Amino acid sequence: MTLFRHRAFMLLFGADTISQVGTQVSMVALPLVAVVALRATPFEMGLLVAAETAAFLLIGLPAGVWVDRMARRRILITADLARAVLLFSVPVTWWLGVLSMPQLYAVGLGAGVATVFFDVAYQSYLPSLVERHQILEGNAKLEIVRSGAQVAGPGVAGWLVQLVTAPVAILVDAISFTLSGALLAGIRSDRDVPSAQERRGLVKEIGEGLRFVLGHPILRMIAACTASANFANSMNNALAVLFLVNVVGVTPGVMGLLFAAAGVGGLVGAALVGPFSRWVGSARAIWLSNLLTTPFVLLVPLTERDWRLGLYAFAWFVVSVGIVVYNVGQLSFRQAITPDHLLGRMNATMRFVVWGVLPLGALAGGLLGQHLGIVPAMWIACALVPLSVIPLLLSPLRTMRDLPEPVSP
């Protein structure tokens, strides 16, 4: 049966579609609030991006234990509603004339905590909704949603910011999370949670997740690769709005269109992941996608307000093709080989490692931008991205054509 006829998956698909579009609006609008309305410095921008991602470092590991103990659908709904309330506070305080950078830090941190639980629960929930052989298809379809949102969201956000200001644009995101939560509430399928007798203590259960990931020769190299890339990309994210608005001199509308190029690349990657994996092999597709596409990020710092604007769009288009092929392959592999009772902790451990570096990268980008200048800092961040493939080339993946068969649930 195709997943488009699978009721529970389609509710998840619909909720994810609404949420992803709103999130893309917020990703453009929240930094623009800081830059345009509050005149944030490079270091303050680094702090803002760090606040948005710090939760993965602070609570990533225990979140996995709690996800394995609780109903995952309830976690998803609660996380959506929490993000809606937090984001709604931004336009309200802006209208009252009391919006400040500390509030943006608090909103970013709080929304980040909710995102930790949503992401860990979401990746652990999909295998309970579909059959194991449908996991790759499910992840590919959801990647199409994410990439489609990256196409529409930034462009919509850029023009919304230009027409109605950034704080009002964030209101769109708050509404989207509310609608997403409503759709998730319609899903009636959920996996049973462990009984109280099966719980062995927080520290011990965290240790089981760590040992499973770090003890697996492929998973630990995937974690090292993704963490390296995320650190460098977080440096880029801390500098991107400042670079495009203050250095290149583009309008919010044009900036949204440039960001949308990454979403187009993601759509192409989602369409290519199946054929490409069958052609070169599912193991080779993971490292080849990185090796072939990440060097194009070196075109980004060459961007100028002329025909070279196209370099920014082209670079992130190509890199995003590789990111999606890589993510669908490695995520599907992780979900397929992990026993159900460890899914939450495996995903949380991976998130802790690969997303825990995001606040560190953002702070590094902000500090380098403050002391060296925006363009030199961008060069450093972009130069680090292609190096992320090294752990994969040192892993067993390099000598394999296809990934191992999945374990039974």
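Calculation criteria
Within every chain, residues take consecutive numbers counted from 1 along the sequence as written. In keeping with the model being predicted, local features are shown solely for residues with a pLDDT of at least 70 and side-chain atom pairs are shown and tallied solely at 80 or more, while totals for entire chains, interfaces and linings include all residues. As a convention, hydrogens and water are excluded, and side-chain values are obtained from all of the structure's heavy atoms. Planes of paired rings set the category: under 30 degrees apart is stacked, over 60 is edge-to-face and the rest tilted, where pairs are Phe, Tyr or Trp rings (Trp by its six-membered ring) whose centres lie within 6.5 Å. Secondary structure elements are taken from DSSP: a helix is a run of H or I of four residues or more, a strand is a run of E of two residues or more, and numbering for both begins at the N terminus. Whether a charge sits over a ring comes down to the Lys NZ or Arg CZ being within 6 Å of the ring centre and within 35 degrees of the ring normal. UniProt positions are given in the numbering used here, feature names are shortened, and annotations may be inferred rather than shown by experiment. Each patch is assembled from residues with relative accessible area greater than 30% and no salt bridge, linking like charges that lie within 9 Å and nonpolar side chains (Val, Leu, Ile, Met, Phe, Trp, Tyr) that lie within 5 Å. Each accessible area value is a Shrake-Rupley result obtained with a 1.4 Å probe; residue values ignore everything except the protein chains displayed when judging cover. Salt bridges are counted wherever a side-chain nitrogen of Lys or Arg sits within 4 Å of a carboxyl oxygen of Asp or Glu. Helix axes are fitted to C-alpha atoms over the stretch in contact, other axes to C-alpha atoms as well, and angles between N-to-C directions run from 0 to 180 degrees. Orientation is classified from the angle alone, with under 35 degrees giving roughly parallel, over 145 giving roughly antiparallel, 65 to 115 giving roughly perpendicular, and any other angle giving oblique. Note on contacts: a residue pair is in contact if any heavy atoms of the two residues lie within 4.5 Å. Three categories are distinguished: nonpolar for Ala, Val, Leu, Ile, Met, Phe, Trp, Tyr, Cys and Pro, charged for Asp, Glu, Lys and Arg, and polar for the others, with Gly belonging to the last. Buried means the residue's accessible area, taken with a 1.4 Å probe over protein chains only, is under 20% of the maximum for its type, while exposed means over 50%, and partly exposed covers the values in between. Per-residue confidence from the prediction method is given by pLDDT, with values spanning 0 to 100.

What follows deals with the packing of aromatic side chains. Per the stated rule, a full pass over the model turns up three aromatic pairs. Considering the side-chain rings of Phe 9 and Phe 13, the 6.0 Å spacing of their centres and the 40 degrees angle between planes classify their relative orientation as tilted. In this pair, Phe 9 and Phe 13 both sit in helix α1 (residues 7-37), four residues apart, roughly one turn of the helix. Their ring planes at 65 degrees and their centres at 6.2 Å tell us that Phe 276 and Trp 279 sit as a pair that is edge-to-face. With Phe 276 and Trp 279 both in helix α9 (residues 252-280) and three residues apart, this pair spans about one turn of that helix. Lying over the aromatic face of Phe 118, Arg 83 brings its terminal NZ or CZ to 4.5 Å of the ring centre.

In this section: the UniProt feature "transmembrane region" (unreviewed entry) in the protein chain. The positions that UniProt labels "transmembrane region" (unreviewed entry) are, in the present scheme, residues 21-40, 46-67, 79-97, 241-273, 285-303, 309-328, 349-368 and 374-394. Here residues 285-303 runs as 47% helix and 0% strand, with 30 Å between its end C-alpha atoms. Annotation note: span residues 309-328, helix share 100%, strand share 0%, distance between end C-alpha atoms 29 Å.

It is worth spelling out a nonpolar patch on the surface at this point. On the surface, Leu 372, Ile 380, Leu 384, Leu 387, Ile 390 and Leu 394 cluster together into a nonpolar patch covering about 540 Å² of accessible area. With respect to the helices and strands, Leu 387 occurs in the loop between α14 (374-384) and α15 (390-393).

Closest axis-to-axis distance for the helix α2 (residues 42-69)/helix α12 (residues 343-355) pair is 7 Å, and the angle between their directions is 170 degrees. By the angle between their directions, the pair α2 and α12 is classed as roughly antiparallel. Every residue of α12 that contacts α2 at Thr 53, Phe 56, Leu 57, Gly 60, Leu 61, Ala 63, Gly 64, Val 65, Val 67 and Asp 68 is listed here: Leu 343, Gly 344, Arg 345, Ala 348, Thr 349, Arg 351, Phe 352 and Trp 355. Residues of the contact of α2 with α12, tallied by class, amount to ten nonpolar, five polar and three charged.

Glancing now at unusual backbone geometry. In this structure, Arg 39 takes a positive phi of about 55 degrees despite not being glycine. Take Arg 39: its relative accessible area is 65%, and that puts it in the exposed class.

Caution applies to low-pLDDT parts of the model: their predicted coordinates are not meant to be read in detail. Per-residue confidence for the protein chain gives a mean pLDDT of 82, with 88% of residues at or over 70. Ranking the elements of the protein chain by mean pLDDT puts helix α5 (residues 135-164) last with 67 and α14 first with 94.

Let us look at the pattern of salt bridges. A full pass over the atoms with the stated rule returns three salt bridges. Arg 83 is the salt-bridge partner of Asp 80, the closest N and O atoms lying 3.0 Å from each other. Within this pair, Asp 80 and its partner Arg 83 are both found in helix α3 (residues 72-96), separated by three residues, close to a single helical turn. Given the relative accessible area of 0%, Asp 80 is considered buried. The exposure class of Arg 83 is buried, given its relative accessible area of 6%. The salt bridge involving Asp 306 is made with Arg 308; its shortest N-O contact spans 2.7 Å.

On to the environment of Asp 402. Residue placement: Asp 402 occurs in the segment after α15. Along the primary structure Asp 402 and Val 280 are separated by 122 residues, whereas in three dimensions their C-alpha atoms are 8.6 Å apart. With sequence-adjacent residues up to four places away left out, Asp 402 is seen in contact with Gly 281, Ser 282 and Ala 283.

Summarising the element assignment, Gly 361 is placed in helix α13 (residues 358-372). On a C-alpha basis, the gap between Gly 361 and Asn 236 in space is 8.4 Å, while along the polypeptide they are 125 residues apart. Residues in contact with Gly 361, not counting those within four places in the same chain, are Phe 231, Ser 234 and Met 235.

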